[in-house]
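Architecture and fold: a report
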Amino acid sequence: MKKQLISMILCGAMVAGMGLSAFAGETEADVLPGNGQKIGVSMPTKDLQRWNQDGDNMKKQLEAAGYVVDLQYASNDVQTQLSQVENMISSGDEVLVIAAIEGSSLGEALTMAKENEIPVFAYDRLLMDSDAVSYYATFDNYMVGTVQGNYLVDALDLENADGPFNLEITAGDPGDNNAGYFFNGAMDVLNPYIESGKLVVKSGQKTFEECATAQWKTETAQSRAENILSSNYADGTNVDAWLCSNDSTALGVENALAANYTGEYPIVTGQDCDKENVKNMIAGKQSMSVFKDTRTLATQVVKMIGQLLNGQEVDVNDTETYNNNVITVPSYLCEPVFADVNNYKELLLDSGYYTEDDLK
Ligand code: BGC
């Protein structure tokens, strides 16, 4: 069988200043050629940078492999996504790749896919409460949180410093199964320091529910951060660190800090390396982000689709973690990569992810 080689995976970990390894190496993905099959790709929204990149990469790579692509964005509206996916099925798409707005809201469409024997790939976000999910490809979501938590431990030198340090927390969308993993990954690292009193959450908001941000919206994160700042830090008290689960929420916190805060600027975490956040990283307003190279994930999914359609064994590396309340979905987890002002050039510019102009 003719194999087309697309080798561009940077599934390795570039971890600077954290005692973790540098590039773990490049992996090559063997992508089997398609035969003009139509693949439905359902993305949640065009509002956030990463999903535009995910959609573009999937389209580009699927087309390069010989598939026809039916790419649709759902404007963060669950009903829109549901009907888009149903239309994909009725218009003859042979495989579905879905990044859900809300993991548990696509049940009817997934049942329809199963009845029509259409394989479904959950893309980045797990599809919940359904046995119609064939595979899941994502970045290791718990590890994203661990990287963020460890970064705060190192940056505040929590092992050695006396503290106490003030911490606030901004988490993700409760409708997105990933958000809990990010939160738990970070809080499993940070909770011992909260329990010992080295970290103090002055707002008192420490549970996922209290810290969550519906639909990951920057504006929602910003107004919650403004409330926290005016209620707890208006007298000039420092907030030393702000754990933000991703870049869109970090941006909200950074906007709130710019508007309402007079203390020393905190350490702020993020995820995705969105352009605005990388600019903020360069400007000293965000300390780190977690880089999830969307090209890597797209390559992996295209590879898995090729294997499935050719009756080969599908490449997974986790068959235990991602239970969607009905089945445990065989998964492929890519490794997230730590990014900060010291390594962003190598990671984002040298790899061709961004151009210098993108970051101006
Ligand atoms: C993704 C993150 C992203 C967030 C908001 C999550 O499901 O894994 O990378 O920041 O959604 O779009």
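The following refers to the structure shown. (Residues numbered from 1 in each chain as written. Predicted model: local features only at pLDDT ≥ 70, side-chain atom pairs only at ≥ 80, totals over all residues. Heavy atoms only, no water.)

**Some remarks on the pattern of salt bridges**
Counted according to the given criterion, the structure contains 12 salt bridges. Arg 50 is the partner of Asp 124 in a salt bridge, and the nearest nitrogen-oxygen pair spans 3.2 Å. Within this pair, whereas Asp 124 is found in the loop between strand S6 (120-123) and strand S7 (135-139), its partner Arg 50 is found in helix H1 (residues 49-65), the two being separated by 74 residues in sequence. Summarising the burial analysis for this pair, Asp 124 and Arg 50 share the class buried. The partner of Arg 125 in a salt bridge is Asp 176, and the shortest N-O contact between them spans 2.9 Å. A residue pair is termed long-range when its members are at least 10 positions apart, and Arg 125 in the loop between S6 and S7 and Asp 176 in the loop between strand S8 (165-170) and helix H5 (177-195) qualify at 51 residues. When sorted by exposure, Arg 125 lands in the same class as Asp 176, which is buried. One connected set of salt bridges, linked through shared partners, spans Lys 38, Asp 70 and Asp 93. (Salt bridge = Lys/Arg side-chain N within 4 Å of Asp/Glu carboxyl O. Helix = DSSP H or I, 4+ residues; strand = E, 2+ residues; numbered from the N terminus. Buried < 20%, exposed > 50% of the residue type's maximum accessible area, 1.4 Å probe, protein only.)

**Let's talk about the packing of aromatic side chains**
Aromatic ring pairs are reported here in terms of the distance separating the ring centres and the angle at which the planes meet. One pass over the full model with this rule turns up 8 aromatic pairs. Ring geometry for Tyr 136 and Tyr 322: centres 4.9 Å apart, planes at 75 degrees, overall edge-to-face. On the criterion of sequence distance, the pair formed by Tyr 136 in strand S7 and Tyr 322 in the loop between helix H10 (294-309) and strand S13 (331-334) is long-range, its members being 186 residues apart. In terms of burial, Tyr 136 and Tyr 322 fall into one category: buried. (Phe/Tyr/Trp six-rings, centres within 6.5 Å; stacked < 30°, edge-to-face > 60°.)

**Some points on the side chain of Asp 340**
Mapped onto the secondary structure, Asp 340 falls in strand S14 (residues 337-340). Here Asn 342 takes part through its backbone nitrogen, which lies 2.8 Å from a polar atom of the side chain of Asp 340. (Polar contact = N/O pair within 3.5 Å; in protein donor to acceptor, adjacent residues only side chain to side chain.)

**Considering helix H7 (residues 218-232)**
Along an α-helix, a turn takes 3.6 residues, which lines up residues three or four apart on a common side. Taking 1.5 Å of rise per residue, the 15 residues of H7 would be expected to cover 21 Å, and the 21 Å separating its terminal C-alpha atoms lies within 8% of that figure. Turning to H7, its buried residues are Thr 218, Ala 221, Arg 224, Ala 225, Ile 228, Leu 229 and Asn 232. Buried residues in H7, looked at end-on, bunch into an arc of 140 degrees, giving them a common side. Residues of H7 that are exposed and angled more than 90 degrees away from the buried face: Glu 219 and Ser 231. Residues of H7 that are buried sit in contact with S8, helix H6 (208-211), strand S10 (241-244) and helix H8 (247-260). (Expected span 1.5 Å × (residues − 1). Arc of directions from axis to C-beta. Contact = heavy atoms within 4.5 Å.)

**With respect to the sheet that holds S13**
Across a sheet, paired strands are connected by hydrogen bonds in the backbone, their directions being either parallel or antiparallel. Spatially, S4-S3-S5-S6-S7-S13 is the arrangement adopted by the 6 strands of the open sheet, whose pairing is parallel. This sheet does not close on itself; its edge strands, each paired only once, are strand S4 (68-73) and S13. Within this sheet the neighbouring strands show an average axis-to-axis angle of 15 degrees, counted without direction. In terms of strand pairing, strand S5 (residues 95-98) meets S6 through 3 bridges, oriented parallel. If you follow Leu 96 over to S6, its bridge partner there is Val 120. Those strands touched by H1 are strand S3 (38-43), S4, S5 and S6, and its axis lies near 170 degrees from that of S4. (Pairing = 2+ DSSP bridges. Axes fitted to C-alpha atoms, helices over the stretch in contact; angles between N-to-C directions.)

**A look at the nonpolar core**
Counting residues in hydrophobic clusters, the biggest one holds 32 residues, and the most contacted among them are Leu 152, Leu 167, Ile 169, Leu 190, Leu 199 and Leu 243. Those elements giving two or more residues to this core turn out to be helix H4 (141-155), S8, H5, H6, S10 and strand S12 (288-291). Sort the elements by how many residues they give to this core and H5 lands first, with 9 residues. Discounting residues that sit within four places of it in the chain, Leu 152 has contacts with Leu 158, Leu 167, Leu 190, Ala 241, Leu 243, Ile 267 and Thr 269. Counting 28 residues, the second-largest nonpolar core is a separate cluster that includes Trp 51, Ala 298, Met 304 and Ile 305. (Core = buried A, V, L, I, M, F, W, Y, C linked by side-chain atoms within 4.5 Å.)

**Considerations on the environment of Gln 72**
Topologically, Gln 72 is positioned in strand S4. A residue is classified by how much of its surface remains accessible, and Gln 72, at 22% relative accessible area, is partly exposed. For the pair formed by Gln 72 and Gly 55, sequence separation is 17 residues and the distance between their alpha carbons is 8.3 Å. Not counting the four nearest positions on each side in its chain, Gln 72 is found in contact with Val 41, Ser 42, Met 43, Gln 84 and Met 88. Separated by 2.9 Å, the side chains of Gln 72 and Asp 70 make a polar contact.

**As for the packing of helix H2 (residues 78-90) against helix H3 (residues 107-115)**
Where H2 meets H3, the axes come as close as 9 Å, and the angle between the chain directions of the two elements is 10 degrees. As the angle between them shows, H2 and H3 are arranged roughly parallel. Remark: the crossing between H2 and H3 carries left-handed chirality. Where H2 abuts H3, its residues Leu 82, Val 85, Glu 86, Ile 89 and Ser 90 lie against Glu 108, Ala 109, Met 112 and Ala 113. Taken together, the residues of the contact of H2 with H3 break down into 6 nonpolar, 1 polar and 2 charged. (Parallel < 35°, antiparallel > 145°, perpendicular 65-115°, else oblique. Left-handed = near helix turned anticlockwise from the far one by under 90°. Nonpolar A, V, L, I, M, F, W, Y, C, P; charged D, E, K, R; others polar.)

**Focus on the site of the ligand**
Around the ligand sit 13 residues, and of these Arg 50, Asp 124, Arg 125, Asp 176 and Asp 272 come closest. Between an oxygen atom of the ligand and a side-chain N or O atom of Asn 178, the distance comes to 3.1 Å. Elements that contribute at least two residues to the shell around the ligand include exactly H1 and H5. Its residues assigned to classes, the shell around the ligand shows 4 nonpolar, 3 polar and 6 charged. (Near = heavy atom within 4 Å.)

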